[in-house]
Each structure stands twice: as structure tokens, then as C-alpha cells.
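One-letter residues, chain by chain:
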Amino acid sequence: MCGITGYIGRQDAAPYLLGALKKLEYRGYDSSGLALLHDGELIVRKAKGRISVLEERLMSEQLPFMANIGIAHTRWATHGEPSDLNSHPHTDSEGRIAVVHNGIIENYLDLKKWLQARDVVFASDTDTEVIAHLLNYYYKAREGKFFEAVLDALARLEGSYAIAILCTDYPDRIIAARKDSPLIIGLGEGENFLASDAPAFIQYTREALFLNDGELVVLYNDHVDLFTNTGEKLLRDTTHIEWDAESAEKGGYPHFMLKEIHEQPKALNDTYKKFDEIKLNDWLKGDGSPIERIIITACGTAWHAAMVGKRAFEALARIPVDVEIASEFRYGNPVIKSGDRVIVISQSGETADTLAAMRLAKEKQLPILAITNVLGSTLAREAISNGGSVIYTLAGPEIAVASTKAFTTQLMCLYLLAIKLGVLNKTISDSDYSTYRNELAQIPEKAALLLKQQEVIQKFAALQFNKDKVFFMGRQFDYAVSLEAALKLKEISYTHSESFAAGELKHGPIALVDTRTLVVAIATQRPLFEKLVSNIKEVAARGAATLLITFANKGKTNYDEVADSVFIIPDTIDTFSPMLSIIPAQLFAYYCSIQKGNDPDKPRNLAKSVTVE
Ligand code: F6R
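Here we summarise the structure given alongside this text. (Residues numbered from 1 in each chain as written. Predicted model: local features only at pLDDT ≥ 70, side-chain atom pairs only at ≥ 80, totals over all residues. Heavy atoms only, no water.)

A word on the overall build of the protein chain
Then step 1. For the protein chain, the count of helices and strands is 18 helices and 25 strands.
Then step 2. What you see for the protein chain is a C-alpha radius of gyration of 25 Å, in line with the 25 Å of a compact globule of 613 residues.
Then step 3. Across its three principal directions, the C-alpha atoms of the protein chain cover 85 × 55 × 45 Å.
Then step 4. Per-residue burial for the protein chain yields a buried fraction of 62% across its 613 residues.
Then step 5. Residue pairs at least 24 apart in sequence account for 72% of intrachain contacts in the protein chain once pairs closer than 6 positions are excluded.
Then step 6. Charge centroids of the protein chain, computed over 66 positive and 79 negative side chains, lie 4 Å from each other. (Helix = DSSP H or I, 4+ residues; strand = E, 2+ residues; numbered from the N terminus. Rg over C-alpha atoms; globule rule 2.2 N^0.38 Å. Buried < 20%, exposed > 50% of the residue type's maximum accessible area, 1.4 Å probe, protein only. Contact = heavy atoms within 4.5 Å. Lys, Arg positive; Asp, Glu negative; His and termini not counted. Charge placed at Lys NZ, Arg CZ, Asp CG, Glu CD.)

A few points about the site of the ligand
Then step 1. Around the ligand sit 15 residues, and of these Ser346, Gln347, Ser348, Thr351 and Glu491 come closest.
Then step 2. A distance of 2.9 Å separates an oxygen atom of the ligand from a polar atom in the side chain of Lys488.
Then step 3. With the chains in place, 90% of the 400 Å² that the ligand exposes on its own is no longer accessible.
Then step 4. Contributions of two or more residues to the shell around the ligand are made by helix H9 (300-317) and helix H16 (477-493).
Then step 5. Per-class residue counts for the shell around the ligand are six nonpolar, seven polar and two charged.
Then step 6. Residue contributions to the shell around the ligand reach at least three from each of two domains, namely domain 2 (253-451) and domain 3 (453-601). (Near = heavy atom within 4 Å. Polar contact = N/O pair within 3.5 Å; in protein donor to acceptor, adjacent residues only side chain to side chain. Areas by Shrake-Rupley, 256 points an atom, 1.4 Å probe, with all protein chains shown as cover. Nonpolar A, V, L, I, M, F, W, Y, C, P; charged D, E, K, R; others polar. Domains from an automatic or database assignment.)

Focus: the packing of aromatic side chains
Then step 1. The tally for this structure, following the rule as stated, stands at 16 aromatic pairs.
Then step 2. A centroid spacing of 4.6 Å and a plane angle of 55° characterise the contact between Phe147 and Phe227, whose relative ring orientation is tilted. Remark: Phe227 occurs in strand E13 (residues 224-228) and Phe147 occurs in helix H5 (residues 146-156); sequence separation between them is 80 residues. A single burial state applies to Phe147 and to Phe227, both of which are buried.
Then step 3. The rings of Tyr7, Tyr16, Phe193, Phe201 and Tyr204 are connected pair by pair, giving a single aromatic cluster. (Phe/Tyr/Trp six-rings, centres within 6.5 Å; stacked < 30°, edge-to-face > 60°.)

Remarks on the side chain of Thr546
Then step 1. Mapping Thr546 onto the fold places it in strand E24 (residues 545-551).
Then step 2. Apart from the residues within four sequence positions on either side, Thr546 is in contact with Leu518, Val519, Ile536, Val539, Ala540, Ala563, Asp564 and Ser565.

Quick look at the sheet that holds strand E10 (residues 192-195)
Then step 1. Here eight strands make up an open sheet; going across it, the order is E3-E2-E4-E1-E10-E9-E11-E15 and the pairing antiparallel. Unpaired on one side and paired on the other, strand E3 (41-48) and strand E15 (239-240) mark the two borders of the sheet.
Then step 2. Across six bridges, the pairing between strand E1 (residues 3-8) and strand E4 (residues 69-75) is antiparallel. Paired with Thr5 across the bridge in E4 is Ala72.
Then step 3. Contacts from helix H1 (residues 13-24) reach E1, strand E2 (31-38), E4 and E10 within the one sheet, and its direction differs from that of E1 by about 155°. (Pairing = 2+ DSSP bridges. Axes fitted to C-alpha atoms, helices over the stretch in contact; angles between N-to-C directions.)

Below you can see the structure in the form of C-alpha cells.
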């Protein structure tokens, strides 16, 4: 949901800003812009469209100077259509102040009226523009005191923001602030950076300062000062970011999504290996009562991981699990009992609904376990500061909008946790535990094996990408996977795809099946295989093309008689199959998107990190 960045130092700011915007493009890509400060003047350039449009505009212009300070923005429109005018940065009427903003100013209409009553003329339809004019107002009221004006303006804002501000009268600093939107400062030598996400600057420095909500930072080229939003100075330790710069590059792959699909064996292995170092005692102990129920809350793909997790905890540890979509949980009035525990899952750790769900869980005094991929994310920091625990998935940066390696590593964490709880609950024996551990240890290798069959899916997608509808169906674990498979396909190929619990098909959805439909059956739960065969027959009889994703046949059934096409995944325990069976579906979505000429990394209308409601 928009990415912001900023640079102050001795180098040319523009190339850094453009490079950083490309790293942040996954957060929004309908328009972009930058503001440079040079010789007491603001130079603002903005363009509707991808960052390449802005870049071409700048290249053709060849700015005749080098600015050492600047801010930039890549947009995912919330208020006002994507256009040059609505792109950030926004400036005050005197061209003295420039602002970039990620978030939503909820009281912007009131503020706009208040400013219009003071003769301010607005140039855009955005909520952000009010910040620039408000800053101008307080700048004058404070007789040119920039810092104080920022404090006054921030006090008027309701909603969420990560903002960066330039002022022509203060060419030696950038002021930035955050509330409910991510903001990280990169500390370099003689230069400093700010960004919504670390990949923007890790090529230059891996020393980072994470801002908390309600904090403000002033960046100079040789140091940064951190403050509360009432102006008190703060001291904070820096964090070393382990991710290397290369992991945020495409590394020879045509798209981040394909690269990330192929990174799954390593990501799964890293996540598996680190799990035992994680301290879960606070969460396990909770209020002292044994675990009676787990509530898992998350959004999108992470919610699908939760659906798999439910089956895993119930099968392996015999603990009942409720799975709640975070945007529903946050507005509900959950019935809480002693013995309840909460797990909150979020790749980014910044999803607004998921954070709100965690805050509700905290209000209800539930022990919180966060599963996230991003070190220092709001989810991780708030979970810890509330006495909770954190499991990091070690997937590395996930840049493609459609989540892949985050999903499978979330599953790895949930399975490892489920068997751990199984031992504690005595629902699995020590020897079963070893068997499960061994099997989980082999999943990365099996994922690598599966990826070698990529071409099979590529060819299948070339034949089927034009179907009107694609339905995924399965039972139990396979149903949870089919939810994720359908989401992947609709996100990046824009094909209407849905997922059904296979048994539900005949209760209504089968009415939609016709000759323009592809039905993908995921059938890895061996005791239920024959049920799926019947379901495939039912849809085939209505003219649907069919694909079966399953384990190798041990001789009983002739797969050629079951479905039009079959994709075999490496053998594993039925319970663990989701970490493998999702991979062909990810590849199918990727190749359908390519066939349709879409950009799988940046699907229309979506953004990677949903930091607004
Ligand atoms: C789908 C996808 C989204 C995210 C969802 C939650 O491919 O990426 O559905 O899973 O927006 O994001 P996180 O996990 O960052 O909270």
C-alpha cells in the first residue's frame, strides 16, 4: 500500500531514489514521483504508471544538477484515481514543503474544509495533500520552526501514516514520522536513508533503526535524531539486517515470483533448521492453564496457512482450533476462555487488519504467538512487547505480490509446532515425533524434486490458460490447499477461480460447471482418494476438463481413467502434503499469467503489504 523512501548524504539522490522505488514497487505501482532539494528549491517530478515512466521522464530531461537530498513515493491509490496530479510528493501552495505518505488520513475531509476556509487551494483529490498544507499553516504559525510545525501538524492527523517531509528552508534534513504504517531508517556512512521496507536500502547499509508508532525522526547526512511525537528525544539500538542485497534481486529469473517459487526448498530448509532455537515458553505457559484451544487469525494467503494449521493441530496435537479472518476477528466479540492461545500469521507483519486482530487478542489478555517473515515488523515488535513469542519464517524477502515461499514456510512452522504440542499433549509418542521430524526434514528436498517437473505445468498452462473458470477442489488438508491455489490463480491470471470442499460441489457449485471450466482436484489424503475420484467423474460428466494432483499410484487405480491430466507430487505423509501440493498450483498460476501477457509480480489492483483497512 504505497512505498516511501528518502535519501540524504553526499551522493546524487535521484539514482538512489529511483532504484529504491523499484525495490518498493511491489507495494504499489499505479504512479510514482520524487522531490529533490537543490539550491533552496524543490524539484518535483511525478508520473502516472510504472516507475519506468518516471525514470524515462527524468532521463529525457537530464537534470543539470546533482541534489544530495530527496524523497520519493510509489503509489497504490486510495483517495483519487491514479494520475500525475494525484501522485506524490504533494507540496504546499508556496512550493516550500514536499511530503510523501503511505497510509490513510481518515479526517482529511474535515482538515480540507478547515484549510479551504483559510483560502488554501487544493491541486489533487488525495488525503495526503492536506498534510502539506497543514505543515505550511503551522510553519507560518511557528514562524519558520520546521520541527515544531511538524509536531503540530501530526497532532491534527487521524488515521495511519509513514511520511517523509522536505522543507526548502532546511536543506540539511528530512523529517519523517510513523503511525500504523511501516518506516525504517538505514544508517550509512555520511548518508542516511528511510524506507517503508529494508530492501530499498540494504545495498547501501544493513544497519537499521526501526521506528515505533508515534515516533519522529530527523535525518541529517551524518546522524539521525529520534523523538516522540511530543518532541522528547529517544535513544534506540540499531538492528543488523541479515538479508543480503542479492536476495532482493531477480537473480536471473524473469520474475520475482518464479524465483521465489524456486527458493522454496532453501526457505523450507532454513525455517526447519532454525525452529528449535525459538523460545516459545511464554506462549506455551500462557496464564498457567494447559492449552484448550488455539485461535489462529490472519489474512489472505496467511489465512490459508492457518486453515492448514487447524487440520495439523487437530490431527497431531488433538487441540481444537478456530481460524478467523483477521478483518472479521477484529470486529467480533470473541468468546474467550482460560486455556485459549492465539497465533497471528503475517508475512509482512504490517497488515493493518492482522495487527488490529492481534491488538484485540492483547486486550483480551490472550497469550500471543506471531509468525512473520520480517524481522522488526510491527507484528513481531508488538507481540514481544506484549509478552508474546515470535517465530520467524526464514523465507528471505518476498517481493512478488503473490505470496509463495512465505506460505510454505508458514506451514513448516505450523507443522513443527503441531508435533511439538503433540508430544507435550502426549497425543504422539516420542518415536512418532522422530518419524515426523525426519519426514519434515525431507520436505525441502522433495520440493526441489517437484520443481524439476516445472515444464509439465508450463505445458499444461499453455493449453488451459484461456478457460473461463477454474475450480480447485479437495477434502481436509487438500481443501485448505485448494483455497490458496484458487487465490494464486485469480490474483495474477485474473481468471475466475474458486475453491470448493469437494463434498460441497453437488450442493450448488456444480451448476457452474460446463465445457469452459477446468477443475483441479487435489487428492493427497489417501483414505479419501476414491471420494475425489467420484467428484472428478461428476464434473467431467458436465464437460469440465480435469487435472488431478496426487501422489504416485501404487498400482490400484489407472490415473488415465480418472482425469484428463495428472501431476504427481513426491510421496510424503498425507498430513504434510500441503507443502508440496501447493507448488504445482503456484506454477500453474504463474504460467497462466505469463500466457495472458500479465505481469505476475505486479498484478492489477493489488499491493503486497496491505497497511490500510
Ligand atoms: C496473496 C497475498 C495476500 C497476503 C495478505 C496478507 O498472494 O499475498 O493475500 O497473504 O495480504 O499479507 P501478510 O501475510 O503480509 O499479512
